[in-house]
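Residues per chain, in single letters:
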Amino acid sequence: METTDAFVGLTCVDCGETFDAEETTHRCPDCDGILDPDYDYEAIDLTREDLDSRSFESMWRYEELLPFPQSAAVTMDEGATQLVDCPTLADELGVGRVLFKDEGRNPTGTFKDRGQTAAVTAAVQHGATDVALNSAGNAGQAASAYAARAGLDSHVFLPSRAGFTNKAMVNVHGGDMTIVEGRIGDAADAYADAMADHDDWYSVKTFETPYRHEGKKTMLYEIVEQNDWEVPDAVVYPTGGGVGLVGMHKGAKELRELGLTDEIPAMYAAQSSGCAPIVEAFDEGKDVHDVWETPDTICGGIEIPDPGASPLILDALRESDGGAVATSDDDILDSAVTVAQHEGLEMGATCAAAASGAWELARRGEFDEDDTVVLLNTGAGNKDDDVLRSHLMSKGV
């Protein structure tokens, strides 16, 4: 494998053992725990000036803190997305600044590209010919795109309720798509059955591959650097599987470890009240979630009733002095419309849980009047244009 100098291997978050990344590809071979890329941080010599001298064109500009060098990456220049100042929203929330991290400007329109560039790069490094995953929609589209870029075959299992854009683009990218009646759990079951029959398929599924959360930590690097190296007070993130939240918390700790920053932001998980296992677990002081038995939300991207990495999510919320918040679908869709009409920014329906959650957190007095709050827009508004337009029509607009 072609790896970066400081990358030492994959460490299990449960048992603590570290494994050679060339030999171990997915879960811990000893206890089946989640594997996390590990680094010798003392071997990393990276300064603010080094980064200032590099073009801001891709997340791979942070290659010293990634497992693979930019030269080996399967990339379409993902990352380096805009951080947009939102003074009107800041006034409405009663805070100093609101910054909008617009991941909708990635190649396939969502932050999933950051995870798939890293995961598919790993697949290529391991000699894979096929990649596979189940997905609520966006990750499947991204996987099929990066597989096409790498010349690999992709196998994507989507629930029937996945958005039309996702389904169409998996086809356009040449992916082998299986539509499964039901929800994300039904797609996961079909994926597992297929994987049992195809031991040559390489999984790029959330927290099966160690690399998806690793790619997404670069969002935090960018936020801090784009904010003139000032760490924001709070990051509000629309949370389903929580891959991006876990990754960003890790990224914040890494910047502090390297002496590039002194603080970490408070991380907030925002969910729909129709499927809020993380909020429930956080509020009840639990270390792991209970499965949400009857999910009921139009926000398909965060309708994850059984997030397998909930201990990591809950740890990130508590370690950062953050929290968790759930709001109704109606509030979430209203927030997407408000952001579009007050700031001109297009927020995906699912992603608007971050905006709705921020309003609720502000109402509770969670933020101070001089705080800087970052809203993570994890996907483009046009992914859900039919949902947003239907919501407007239901309001008589």
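Below, the structure is looked at part by part. Given the structure is predicted, the values throughout are model-derived calculations rather than measurements.

Judged by how many residues are buried, strand 12 (residues 323-327) sits mostly within the fold: four of five residues are covered. The pairing of strand 11 (residues 266-272) with strand 12 spans five bridges and is classified as parallel. Its bridge partner lying in strand 12, A269 is registered against A324.

What follows concerns the nonpolar core. Counting residues in each nonpolar core, the largest one holds 79 residues, and the members touching the most others are I44, Y202, Y211, L245, M248, L317 and L376. No other element matches the six residues that helix 9 (residues 243-257) contributes to this core. Those residues in contact with I44, other than ones at most four positions away along the chain, are A6, Y39, E64, L65 and L258.

For any pair of aromatic rings, geometry is given as the distance between the ring centres together with the angle between the planes. Across all of its chains, the model carries seven aromatic pairs by this definition. Arranged with centres 6.0 Å apart and planes meeting at 45°, the rings of Y39 and Y41 form a pair that is tilted. Summarising the aromatic geometry, the rings of Y268 and F367 are spaced 5.9 Å apart at their centres and angled 85° between planes, so their arrangement reads as edge-to-face. Taken as a pair, Y268 in strand 11 and F367 in the loop between helix 13 (353-363) and strand 13 (372-377) lie far apart in primary sequence, 99 residues in all. Side by side, Y268 and F367 carry an identical accessibility label, which is buried. Over the face of the ring belonging to Y62 we find R61, whose NZ or CZ atom lies 5.1 Å from the ring centre. Across from the ring centre of F111, 4.1 Å away, lies the NZ or CZ of K216, which sits over that ring.

Below, the discussion takes up the environment of V124. Relative to the assigned elements, V124 resides in helix 3 (residues 112-125). Separated by 50 residues in the primary sequence, V124 and V74 have C-alpha atoms spaced 8.3 Å apart. If we ignore the near neighbours within four places in the chain, the residues touching V124 are V74, A150 and L152.

Bringing the environment of V13 into the picture now. Mapped onto the elements of the fold, V13 is located in the loop between strand 1 (7-12) and strand 2 (18-19). As for V13 and D45, which are separated by 32 residues in sequence, their C-alpha atoms are 26 Å apart. Apart from residues no more than four positions distant in its own chain, V13 is found in contact with I34, D36 and L312.

All right, on to the pairing of strand 1 then. In terms of burial, strand 1 is a largely internal element, five of the six residues being buried. For strand 1 and strand 3 (residues 35-39), the ladder comprises five bridges, and the chain directions are antiparallel. By the bridge assignment for strand 3, T11 is matched with D36. In this structure, strand 1 lies alongside strand 2, joined through two bridges in antiparallel fashion. Directly across from T11, in strand 2, lies its bridge partner T18. Remark: five residues form the turn of the hairpin made by strand 1 and strand 2, two consecutive strands paired antiparallel; G16 in that turn has positive phi of roughly 85°.

Definitions and cut-offs
Residues numbered from 1 in each chain as written. Predicted model: local features only at pLDDT ≥ 70, side-chain atom pairs only at ≥ 80, totals over all residues. Heavy atoms only, no water. Buried < 20%, exposed > 50% of the residue type's maximum accessible area, 1.4 Å probe, protein only. Helix = DSSP H or I, 4+ residues; strand = E, 2+ residues; numbered from the N terminus. Pairing = 2+ DSSP bridges. Core = buried A, V, L, I, M, F, W, Y, C linked by side-chain atoms within 4.5 Å. Contact = heavy atoms within 4.5 Å. Phe/Tyr/Trp six-rings, centres within 6.5 Å; stacked < 30°, edge-to-face > 60°. Lys NZ or Arg CZ within 6 Å of the ring centre and 35° of its normal.

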